[in-house]
Amino acid sequence: MKKEISGSTLVPLYNQLANLIENKILSGSYQYGEKLPSEGEWMKTYDISRVTVRNALKMLVDRGIVEKKQGKGAYVVFPVYKETISAGGSFTSAGVTSNSIPTTKILKKEYLGLSDGQKAELGFIESEIISLKRIRSIDYQPVIFEIDYVVKEMEALVDNLTESDSLIEVLKSQGYHINHFDNVIDVSIASAEVAQYLQVEEGDPLLHIKQQVLNASNKLIYFNEQFINSKLYKVAIRSY
């Protein structure tokens, strides 16, 4: 038996093995998404029973660290992050608050002409707007494909937006008074473009949020659309 696990302590062997595997994951010995050794390999390495190994893996599954796939074995899962929708929140600030590393990559800026139906859906009175596509990541794992829709008056602001900037904070610094968000939440299917950037399969279900960002007079500041891999990133809504 390896010295990392000992039968001479009061801590059950399965608990010791679970802690050992978790520490190996946290130290980077096993990467997120990587397949763990088989039950037989754990048994041979530490001279322990199959029941001990299965109990240890169950503990890790319950902790949300490991996922067991039928017929394939056990895999390290990506940590699930949670953001609370609030009037003062942003992806960047939520990531920092959770002691994670939020990053953003700007993909493309496009000019769009809107039909009357599109204007009504998004909330714009303008017929021509700008869309900004970005991919949002937590600890370098992509979790959100985002599209921001703004009026052409904001073109300079969009052009000067860096990948480390929070759009909400930049708008506030420019004198925009953000009062509240109106959100419509549903489920969407990943298109080929979104699937590529989120590293999921085309057709996979994604959390879809359409968000109007408004001032105190209910005037639209900008429209935000998010396609979220909810296996990795949860959105919590606080009610009062």
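Residues numbered from 1 in each chain as written. Predicted model: local features only at pLDDT ≥ 70, side-chain atom pairs only at ≥ 80, totals over all residues. Heavy atoms only, no water.

Labelled according to an unreviewed UniProt entry, the protein appears under the name Bacterial regulatory s, gntR family protein, originating from Carnobacterium maltaromaticum LMA28.

A. View of the overall build of the protein. The helix and strand inventory of the protein stands at eight helices and ten strands. Counting the 240 residues in the protein, one finds 42% classified as buried. The long-range fraction of contacts in the protein, counting pairs at least 24 apart against all pairs at least 6 apart in sequence, stands at 57%. For the protein, the exposed area adds up to about 13,500 Å²; of that, 49% sits on carbon and sulfur atoms. (Helix = DSSP H or I, 4+ residues; strand = E, 2+ residues; numbered from the N terminus. Buried < 20%, exposed > 50% of the residue type's maximum accessible area, 1.4 Å probe, protein only. Contact = heavy atoms within 4.5 Å. Areas by Shrake-Rupley, 256 points an atom, 1.4 Å probe, with all protein chains shown as cover.)

B. Quick peek at the packing of helix H1 (residues 13–26) against helix H3 (residues 50–62). Packing of H1 against H3 brings their axes to within 8 Å, and their N-to-C directions diverge by 50°. As far as their axial angle goes, H3 and H1 are oblique. Crossing handedness for the pair H1 and H3: right-handed. In this structure, H1 uses Leu13, Tyr14, Asn15, Leu17, Ala18, Ile21 and Glu22 to contact H3, whose residues at the interface are Thr52, Val53, Asn55, Ala56, Leu57, Met59 and Leu60. Looking at the contact of H1 with H3, its residues break down into ten nonpolar, three polar and one charged. (Axes fitted to C-alpha atoms, helices over the stretch in contact; angles between N-to-C directions. Parallel < 35°, antiparallel > 145°, perpendicular 65-115°, else oblique. Left-handed = near helix turned anticlockwise from the far one by under 90°. Nonpolar A, V, L, I, M, F, W, Y, C, P; charged D, E, K, R; others polar.)

C. Inspection of the side chain of lysine 133 at higher detail. Mapped onto the elements, lysine 133 comes out in strand E5 (residues 128–138). Leave out the neighbours within four places in its chain, and lysine 133 touches Lys105, Ile106, Leu107, Lys108, Glu110, Phe145, Glu146, Ile147 and Glu193.

D. Expanded view of the confidence of the model for the protein. For the protein, the mean per-residue pLDDT works out to 87, and 88% of the residues sit at or above 70. Across the protein, helix H8 (residues 192–198) holds the top mean pLDDT of 96, while helix H4 (residues 91–97) sits lowest at 57. (pLDDT = per-residue confidence, 0-100.)

E. Looking closely at the sheet that holds strand E7 (residues 180–189). Reading across from one edge, E4-E5-E6-E9-E8-E7 is the order of the six strands in this open sheet, with antiparallel pairing throughout. Of all strands in the sheet, those with a lone pairing partner are strand E4 (102–113) and E7, marking the two edges. Neighbour to neighbour, the strand axes of the sheet diverge by 20° on average, direction disregarded. As paired strands, strand E8 (residues 205–214) and strand E9 (residues 220–228) are joined by eight bridges and run antiparallel to one another. The residue bridging lysine 210 from the neighbouring strand is glutamate 225, located in E9. (Pairing = 2+ DSSP bridges.)

F. Highlighting the packing of aromatic side chains. By the definition in use, this model includes five aromatic pairs. Geometrically, the ring pair formed by tryptophan 42 and tyrosine 46 is stacked, given 6.1 Å between the ring centres and 20° between the ring planes. Of this pair, tryptophan 42 and tyrosine 46 are both found in helix H2 (residues 39–46), four residues apart, which corresponds to roughly one turn of the helix. The class for tyrosine 46 is buried, based on a relative accessible area of 3%. Taken together, the aromatic side chains of Tyr30, Trp42 and Tyr46 make up a single cluster linked through ring pairs. Of note, lysine 69 hangs over the ring of tyrosine 75, and the distance from its end group to the ring centre comes to 4.4 Å. (Phe/Tyr/Trp six-rings, centres within 6.5 Å; stacked < 30°, edge-to-face > 60°. Lys NZ or Arg CZ within 6 Å of the ring centre and 35° of its normal.)

G. Spatial organisation of the pattern of salt bridges. One pass over the full model with this rule turns up 16 salt bridges. For lysine 109, the salt bridge goes to aspartate 159, with nearest N and O atoms at 2.6 Å. Here lysine 109 is found in strand E4, whereas its partner aspartate 159 is found in helix H6 (residues 155–160), with 50 residues between them in sequence. The shortest N-O distance in the salt bridge between lysine 152 and glutamate 128 comes to 3.1 Å. Taken together, the positions of lysine 152 in the loop between strand E6 (141–151) and H6 and glutamate 128 in strand E5 put the pair 24 residues apart, joining distant regions of the chain. Its relative accessible area of 38% is what places lysine 152 among the partly exposed residues. In this structure, a network of salt bridges that share partners links the residues Glu39, Arg50, Arg54 and Lys68. (Salt bridge = Lys/Arg side-chain N within 4 Å of Asp/Glu carboxyl O.)

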